[in-house]
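Overview (structure and organization)
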Amino acid sequence: MDNALLFDARARVLADLRARDHATPPAVSALEDAVSARSWWAGQWPEGAQYVAGLVAQDVQDALFESIGRWPLCVGCPDAPEHSLYIQPDLGGPDPHWVCEETGQTVADLGRLGEWRPF
């Protein structure tokens, strides 16, 4: 497994956590756990390296759901009920991006939530 892919996945998810003010110690711990778990996973399936970043994001999203609730929330649909963004494609790659749960619109590439402007 190329560690650069793991470092890239970590950096991209951390950037999105920061963009939504969720880079808290528990969230960063969840991120570290996800990177560690996916390191093992990618070592078992080297052809799956292109999926690591998206899968790490999904793992963090799942872990945070259990502790703080939905993350990241969509801020582009003010009239809709509270809802999340989710990673597409479902398997996490290649080229993972955040999609609005309500509209299905692509919001931002993974790691670029801080650059997003509501539609």
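Attention in this report is confined to the structure presented alongside it. (Residues numbered from 1 in each chain as written. Predicted model: local features only at pLDDT ≥ 70, side-chain atom pairs only at ≥ 80, totals over all residues. Heavy atoms only, no water.)

A word on the overall build of the protein chain
Looking only at helices and strands, the protein chain has three helices and three strands in total. Scanning the protein chain from its N terminus toward the C terminus, one meets helices and strands in the order α-α-α-β-β-β. Scaling as 2.2 N^0.38, a compact globule of 119 residues should have a C-alpha radius of gyration of about 14 Å, and the protein chain matches this with 14 Å. With the principal axes as the frame, the protein chain shows a C-alpha extent of 45 × 30 × 20 Å. The buried share among the 119 residues of the protein chain stands at 42%. Look at the contacts in the protein chain between residues 6 or more apart in sequence, and 49% of them connect residues 24 or more apart. In the structure as shown, the protein chain presents an accessible area of about 6500 Å², 49% of it carried by carbon and sulfur atoms. Measuring between centres, the 8 positive side-chain charges of the protein chain sit 6 Å from its 18 negative side-chain charges. (Helix = DSSP H or I, 4+ residues; strand = E, 2+ residues; numbered from the N terminus. Rg over C-alpha atoms; globule rule 2.2 N^0.38 Å. Buried < 20%, exposed > 50% of the residue type's maximum accessible area, 1.4 Å probe, protein only. Contact = heavy atoms within 4.5 Å. Areas by Shrake-Rupley, 256 points an atom, 1.4 Å probe, with all protein chains shown as cover. Lys, Arg positive; Asp, Glu negative; His and termini not counted. Charge placed at Lys NZ, Arg CZ, Asp CG, Glu CD.)

Quick word on unusual backbone geometry
A cis amide bond links W71 to the next residue, P72, at an omega of -15 degrees. Inspection of the secondary structure assignment puts P72 in the loop between helix 3 (52-67) and strand 1 (85-88). With an omega of -15 degrees, the peptide bond running from Q88 to P89 counts as cis. The residue P89 is located in the loop between strand 1 and strand 2 (97-100) in this model. Phi at D21 takes a positive value of approximately 55 degrees, unusual for a residue other than glycine. Here D21 is to be found in the loop between helix 1 (3-19) and helix 2 (25-44). Backbone geometry at D95 places phi at a positive 55 degrees, although glycine is not the residue there. Residue class for D95 comes out exposed when judged on its relative accessible area of 63%.

A short note on the packing of aromatic side chains
Taken as a whole and assessed by the stated rule, the structure comprises three aromatic pairs. A ring pair is formed by W71 and W98, whose centres lie 5.5 Å apart and whose planes are at 85 degrees; its orientation type is edge-to-face. Residue W71 is located in the loop between helix 3 and strand 1, and its partner W98 is located in strand 2; the two are separated by 27 residues in the primary sequence. Here the two residues W71 and W98 agree in accessibility, since each one is buried. Lying across the ring of W41, R38 places its NZ or CZ 5.2 Å from the centre. (Phe/Tyr/Trp six-rings, centres within 6.5 Å; stacked < 30°, edge-to-face > 60°. Lys NZ or Arg CZ within 6 Å of the ring centre and 35° of its normal.)

Notes on the nonpolar core
Core analysis: the largest hydrophobic core is formed by 31 residues, its most contacted members being V13, L17, L31, V56, V60 and W98. Secondary-structure elements contributing two or more residues to this core are helix 1, helix 2, helix 3, strand 1, strand 2 and strand 3 (106-109). Ranked by the residues each element gives to this core, the list is headed by helix 3, at seven residues. Among residues more than four places away in sequence, those in contact with V13 are L31, A53, V56, A57, V60, W71 and L110. (Core = buried A, V, L, I, M, F, W, Y, C linked by side-chain atoms within 4.5 Å.)

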